[in-house]
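Breakdown of the fold
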Amino acid sequence: MLQKVISYLESSGYRVLKEIAGSGKYRLLLIERAGRKYVARVASEAGDLFEMQYCKEISSCPNVAVPEFLDENLSIAVRKYLPKTLRDLLDTSGLDDVEALNIALSICRALECIHSKDLVYTDLKPENVGIENGQAFLIDTDSITRPFSRPRFITLDYAPPEYHEWGIVVKESDLYQLGLVLIEMSRHITSCIRSELQSLASMLTKRNPFDRPSARVVASRIELLIERLS
Ligand SMILES: Nc1ncnc2c1ncn2[C@@H]1O[C@H](COP(=O)(O)OP(=O)(O)O)[C@@H](O)[C@H]1O
Ligand SMILES: [Mg+2]
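Residues numbered from 1 in each chain as written. Chains lettered and ligands numbered in written order. Predicted model: local features only at pLDDT ≥ 70, side-chain atom pairs only at ≥ 80, totals over all residues.

Let us now look at the pairing of strand S7 (residues 129-132). As paired strands, strand S6 (residues 84-85) and S7 are joined by two bridges and run antiparallel to one another. Within S7, the residue paired with Thr 85 across the bridge is Gly 130. Relative to strand S8 (residues 135-138), S7 runs antiparallel, the two being bridged by four bridges. Paired with Glu 132 across the two strands is Gln 135, which belongs to S8. Where S7 hands over to S8, the hairpin turn is made up of two residues, of which Asn 133 adopts a positive phi near 50 degrees. (Pairing = 2+ DSSP bridges. Helix = DSSP H or I, 4+ residues; strand = E, 2+ residues; numbered from the N terminus.)

Here is the structure:
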């Protein structure tokens, strides 16, 4: 399968640079064409690529690295390469206040748009947030599902109470996961912004999904914090 994909990519003008580490569900190839880098995600089993299902619906969403090219027969999705993930930034403690707030705001904008299409992102965690020039992009789009449905895949460490109890996710499940991400980000912040992020996180991680603020409300709070810093 991989060989077939590589031949296809090469015949389409891409240069395959190397295989990059993924989490196991897919093989990930770093490729280049016309001076731009991309990541090709190849499903190990033919036909095991589900992300095309909702890609059209979210194609206009900001801060989502929607695949620029998809081929169902080859089970391949090609999207832009993002030099770092939020996990990389957290592991190296390289996060200042404004950068952290801009990343949080980018995530809110992506979620706001995904939710407006009546979809749930489902697998928000630092590993799935790509960073480029201080902006965040959601990279892993194949857990996207409809509200009140059982997701195809979720990371248990970030799964909300409604998933543990009922096996389903709702739009507010993404906000619970955002709360967990903000807690991790706040550990790298020493200023007063830390307590602001923690207070947002405590609202976002409420047990009852419908007690959590929406992505729009969180975005407005973060915009005010950014204004305060500038
Ligand atoms: N477009 C990309 N640019 C840079 N790194 C990426 C990209 N896509 C994936 N990765 C890296 O590969 C990892 C796994 O990719 P992901 O698409 O999230 O697949 P999985 O479904 O296996 O989690 C990510 O956490 C990230 O480190
Ligand atoms: Mg992932």
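Alright, that's what it looks like, and here's the rest.
When strand S1 (residues 15-20) meets strand S2 (residues 26-33), the two strands line up antiparallel, connected through five bridges. Of the residues in S2, the one forming a bridge with Lys 18 is Leu 30. Linkage of S2 to strand S3 (residues 36-43), two consecutive antiparallel strands, is achieved through a turn of two residues, within which Ala 34 is found at a positive phi near 50 degrees.

A few words on the domain arrangement of the chain. Taken as a whole, the chain is organised into domain 1 (2-80) and domain 2 (84-229). Distance between the C-alpha centres of domain 1 and domain 2: 24 Å. Contacts between domain 1 and domain 2 engage 13 residues on the former and 18 residues on the latter. Considering every element that reaches the side of domain 1 that touches domain 2, the biggest residue donor is helix H2 (residues 52-58), with four residues. Tallied by class, the residues present in the side of domain 1 that touches domain 2 amount to nine nonpolar, one polar and three charged. (Domains from an automatic or database assignment. Contact = placed C-beta atoms within 7 Å. Nonpolar A, V, L, I, M, F, W, Y, C, P; charged D, E, K, R; others polar.)

Now for the sheet that holds S6. The sheet built from three strands is open, its strands ordered S6-S7-S8 with antiparallel pairing. In this open sheet, the two edge strands, each paired with only one partner strand, are S6 and S8. This element, helix H4 (residues 97-116), spans S7 and S8 of the sheet and lies at about 35 degrees to S8. (Axes fitted to C-alpha atoms, helices over the stretch in contact; angles between N-to-C directions.)

Turning next to the packing of helix H6 (residues 171-186) against helix H7 (residues 193-204). H7 packs onto H6 with a crossing angle of 155 degrees between their chain directions and a minimal axis gap of 8 Å. On the basis of the axis angle, H6 is roughly antiparallel to H7. H7 is crossed by H6, and the crossing has left-handed handedness. Contacts from Leu 175, Tyr 176, Leu 178, Gly 179, Leu 182, Ile 183, Met 185 and Ser 186 of H6 reach H7 at Arg 194, Leu 197, Gln 198, Leu 200, Ala 201 and Leu 204. For the contact of H6 with H7, a count of residues per class yields 10 nonpolar, three polar and one charged. (Parallel < 35°, antiparallel > 145°, perpendicular 65-115°, else oblique. Left-handed = near helix turned anticlockwise from the far one by under 90°.)

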